[in-house]
Amino acid sequence: MFNKLALIGIGLIGSSIARATRLKGLAKTIAISTRKEETLEEARALGLGDTYTLDAAEAVRGADLVILCIPVGAYLPVMEAIRDALEPGAILSDVGSVKGQVMATLGPLVPKGVHFIPGHPIAGTEHSGPASGFPELFTGRWCVLTPAPGTDPVAIDRLTSFWGALGSNVECMDAAHHDLVLAITSHVPHLIAYNIVGTVADLEAATQSEVIKFSASGFRDFTRIAASDPVMWRDVFLTNRDAVLEMLGRFLEDLSQLQRAVRIGDGPGMEALFTRTRAIRRSIITAGQETAAADFGRPHGNASAVPEPVAEVLFREHGGGEDA
Ligand code: NAP
């Protein structure tokens, strides 16, 4: 599909793209670039690419597809480093969880003749780094592309086919719309998880150890989301501020109503809401975006006999991954 794929950043998402591209034979050469020597060495040891360099400009030279797989806050200096090395006719894309600010920041810097098509695979886990990637990450997940009006349709088709070959369903939409939808489906839920786990972190020691001891309830599932990469999520909230505040406002209004329902003992009101929310989960399962297995497919029964890493792999393979 492509002669040379350049991946700038080789963490969870970059390494998953590398693995799936290799497995499906979608690029003749995969060039990998990252910031730190130790990350580059880890990628090399895992055999994720064909060439490895700390110089992002060297990686993109001769590439017909370049994908930025780094936190959105790091885009500007990286773009300044690579822009003169981008080949005319190449596709420049990314995987960042926010799209409006990415387009505003990078758009004006893209050289003439380079096709800029921002993207966001709605797939992920709470793990980071080259070793955390796996080739099935994008299977059955959505990938949103947000090309500006007037972008070459042939280039959009090529990138759509690439993500399709990685296993994703692809949809094009306006960047502002993407940011609003993701604010409620991903960004605000992460903020809530960071907040509730932060509340526990601030509890006095005795209560905190009890929460950890008895955490096999709702709290435990929040901790998985709250274990997501701090730098990546800091950048999401710095760059999607307006949409997050809009959705957070709605959330807080609804939370106040629920608080009132608890205070006045409005049983029918609460039951009606909890029935509607249960139906939402069923529709996510029907849409193939979640496992129908109880407790997110965690192994039960002889679970105590399963060593922790195996249990974690089982969990991940059964679709327990979070998205961004
Ligand atoms: P990750 O596993 O933490 O990997 C981040 C990569 O970016 C590493 O190669 C890291 O290199 C590099 N990097 C970090 N800071 C950098 C900087 N200042 N300059 C240059 N390179 C830098 O992250 P990830 O989960 O793959 O996320 C990458 C992108 O994917 C983010 O934009 C995120 O919004 C998006 N995304 C994430 C998910 C998810 O669930 N994780 C889902 C969809 C989209 P070094 O190790 O060499 O520093």
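Note that the coordinates shown come from a computational prediction; the quantities given were computed from them, not determined experimentally.

A. Local environment of the packing of helix α7 (residues 175-201) against helix α10 (residues 230-239). Look at α7 against α10: their axes get within 11 Å of each other, and the N-to-C directions meet at 120 degrees. On the basis of their axis angle, the class for α7 and α10 is oblique. Crossing of α7 against α10: the hand is left-handed. Here S186, H187, H190, L191 and Y194 of α7 lie close against α10, whose contacting residues are W233, V236 and F237.

B. Structural detail: the site of the ligand. Taken together, 26 residues lie around the ligand, and T34, K36, T39, I70 and S97 are the ones closest in. Contacts to the ligand include I10, whose backbone N or O atom sits 2.8 Å from an oxygen atom. In isolation the ligand offers 900 Å² of accessible surface; the protein chains occlude 88% of this area. More than half of the atoms belonging to the ligand lie within 2 Å of the grid points that define the second largest pocket. Counting only elements with at least two residues in the shell around the ligand, the list comes to α1 (12-24) and β7 (119-121). Considered class by class, the residues forming the shell around the ligand number 13 nonpolar, 11 polar and 2 charged.

C. A look at the domain arrangement of the protein. Each domain of the protein was delimited in the assignment, giving domain 1 (2-174) and domain 2 (177-297). Here domain 1 meets domain 2 over a buried area of about 1,500 Å², counting both sides, of which 56% is carbon and sulfur. Of all residues in domain 1, S97, V98 and E126 give up the largest surface area on contact with domain 2, accounting jointly for 34% of the area buried on that side. Seen at the junction of domain 1 and domain 2, the total is 1 salt bridge. In this structure, E126 and R224 form a salt bridge, with 3.2 Å as the shortest nitrogen-oxygen distance. At the junction of domain 1 and domain 2, the tally comes to 7 residue pairs in polar contact (both at pLDDT 80 or more). Counting residues per element, the ones that place at least two in the side of domain 1 that touches domain 2 are α5 (100-106) and β8 (142-145). Tallied by class, the residues present in the side of domain 1 that touches domain 2 amount to 8 nonpolar, 8 polar and 4 charged.

D. Local environment of the confidence of the model for the protein. The pLDDT averaged across the protein works out to 90; a share of 92% of its residues lies at or above 70. Below pLDDT 50 for its whole length, residues 303-322 participates in 26 contacts with residues either more than four positions away or in separate chains.

Conventions used here
Residues numbered from 1 in each chain as written. Predicted model: local features only at pLDDT ≥ 70, side-chain atom pairs only at ≥ 80, totals over all residues. Heavy atoms only, no water. Axes fitted to C-alpha atoms, helices over the stretch in contact; angles between N-to-C directions. Helix = DSSP H or I, 4+ residues; strand = E, 2+ residues; numbered from the N terminus. Parallel < 35°, antiparallel > 145°, perpendicular 65-115°, else oblique. Left-handed = near helix turned anticlockwise from the far one by under 90°. Contact = heavy atoms within 4.5 Å. Near = heavy atom within 4 Å. Polar contact = N/O pair within 3.5 Å; in protein donor to acceptor, adjacent residues only side chain to side chain. Areas by Shrake-Rupley, 256 points an atom, 1.4 Å probe, with all protein chains shown as cover. 1 Å grid on protein atoms, 1.4 Å probe; cavity = no way out; pocket = protein on both sides within 12 Å on 5 of 7 lines; lining within 4 Å. Sits in = over half its atoms within 2 Å of the grid points. Nonpolar A, V, L, I, M, F, W, Y, C, P; charged D, E, K, R; others polar. Domains from an automatic or database assignment. Buried area = accessible area lost by both parts, 1.4 Å probe. Salt bridge = Lys/Arg side-chain N within 4 Å of Asp/Glu carboxyl O. pLDDT = per-residue confidence, 0-100.

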